[in-house]
Amino acid sequence: MISAKVLSSVKSTLLATVCALMFGVFSVQADHHGMKKNIVEIAASNPDFSTLVAAAGLVETLQGKGPFTVFAPTNEAFAKLPAGTVESLLMPENKDKLISILTYHVVPGKVMAADVIGMTEAPTVQGSMIKVDASNGVKVDNANVVATDIIASNGVIHVIDTVIIPQ
């Protein structure tokens, strides 16, 4: 059994991972030495996920070893939410709800696109299971996976077109 302290640490690290991903990922990036960037570095390099830029204070945790699998919604995915939802989630009094939603987008371990064949669900850091459907493309809950296997030094990113919300 995982202790509450370890689980809290993992959740914190993965939350930061998701937050960083909201800043942008679509391509594998390399630094000037040819080394793969971590999730934070990749995320910071692309504005397509800038919606949750206000969560940037959590980003430094993302540089952890991992591995993490992150289903990262685009800015367009966030735009599908009802008006005012993002602004409301970014309010300090809604921090727990935001953390719950963000950690629902993260699966512990490195799950590549090829690994989802035959999967019907996956555990999230939030504590719930997400539904996985690979029968016609790949869907997680109600979101289509639109880009896969963006490799970082500490995990993998899959881009989704809809924000998934835990029940």
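Structure shown above.
Residues numbered from 1 in each chain as written. Predicted model: local features only at pLDDT ≥ 70, side-chain atom pairs only at ≥ 80, totals over all residues. Heavy atoms only, no water.

Caption draft 1: Broad picture of the overall build of the protein. Looking only at helices and strands, the protein features five helices and seven strands. Listing every helix and strand of the protein by position from the N terminus yields α-α-β-α-α-α-β-β-β-β-β-β. The buried share among the 167 residues of the protein stands at 43%. Long-range pairs, those at least 24 residues apart, make up 63% of the contacts in the protein between residues at least 6 apart in sequence. As presented, the protein carries roughly 8500 Å² of accessible surface, and 56% of it is formed by carbon and sulfur atoms. (Helix = DSSP H or I, 4+ residues; strand = E, 2+ residues; numbered from the N terminus. Buried < 20%, exposed > 50% of the residue type's maximum accessible area, 1.4 Å probe, protein only. Contact = heavy atoms within 4.5 Å. Areas by Shrake-Rupley, 256 points an atom, 1.4 Å probe, with all protein chains shown as cover.)

Caption draft 2: Summary view of the environment of Val116. Within the secondary structure, Val116 is located in the loop between β2 (106–108) and β3 (121–123). For Val116, a relative accessible area of 9% puts it in the buried group. C-alpha of Val116 to C-alpha of Asp133: the two residues are 17 residues apart in sequence and 8.2 Å apart in space. If we skip the residues at most four places from it in the chain, Val116 touches Val111, Val132, Ala134 and Val138.

Caption draft 3: Spatial organisation of the side chain of Thr103. Of note, Thr103 is situated in helix α5 (residues 95–104). Judged by its relative accessible area of 2%, Thr103 falls in the buried class. A polar atom in the side chain of Thr103 sits 2.8 Å from the backbone oxygen of Ile99. A polar atom in the side chain of Thr103 sits 3.3 Å from the backbone oxygen of Ser100. (Polar contact = N/O pair within 3.5 Å; in protein donor to acceptor, adjacent residues only side chain to side chain.)

Caption draft 4: The arrangement of the sheet that holds strand β4 (residues 129–133) in detail. With respect to topology, seven strands assemble into an open sheet ordered β2-β1-β7-β6-β5-β4-β3, the strand pairing being mixed. In the strand order of this sheet, the two ends are held by β2 and β3, each with one partner. One ladder, built from three bridges, connects β3 with β4; its direction is antiparallel. Across the sheet, residue Ala122 finds its bridge partner in β4, namely Ile130. (Pairing = 2+ DSSP bridges.)

Caption draft 5: Geometry of the pairing of strand β6 (residues 143–152). Relative to β6, strand β5 (residues 139–140) is paired through two bridges, and the arrangement is antiparallel. Across the sheet, the residue bridging to Lys139 is Asn144, located in β6. Taken together, β5 and the strand that follows it, β6, pair antiparallel across an intervening segment of two residues, in which Asp141 is found at a positive phi of about 50 degrees. Here β6 hands over to strand β7 (residues 155–160) after two residues, the two strands then running antiparallel side by side.

Caption draft 6: Here's a closer look at empty space enclosed by the protein. Under the definition given, this model contains two cavities of 30 Å³ or more. For the largest cavity, the calculated volume is near 50 Å³. Lining the largest cavity, in full, are Phe71, Ala113, Val116, Val138, Val145, Thr148 and His158. Taken together, the residues that form the lining of the largest cavity break down as five nonpolar, two polar and no charged. Considering only enclosed or pocket space, the second largest cavity measures out at about 30 Å³ in volume. As for the second largest cavity, its lining consists of Phe71, Val107, Val111, Val116, Met119, Ala122, Ile130 and Val132. Its residues assigned to classes, the lining of the second largest cavity comprises eight nonpolar, no polar and no charged. (1 Å grid on protein atoms, 1.4 Å probe; cavity = no way out; pocket = protein on both sides within 12 Å on 5 of 7 lines; lining within 4 Å. Points joined across faces, edges and corners; volume = space filled by probe spheres on them. Nonpolar A, V, L, I, M, F, W, Y, C, P; charged D, E, K, R; others polar.)

Function cannot be read off these values alone, since they describe shape.
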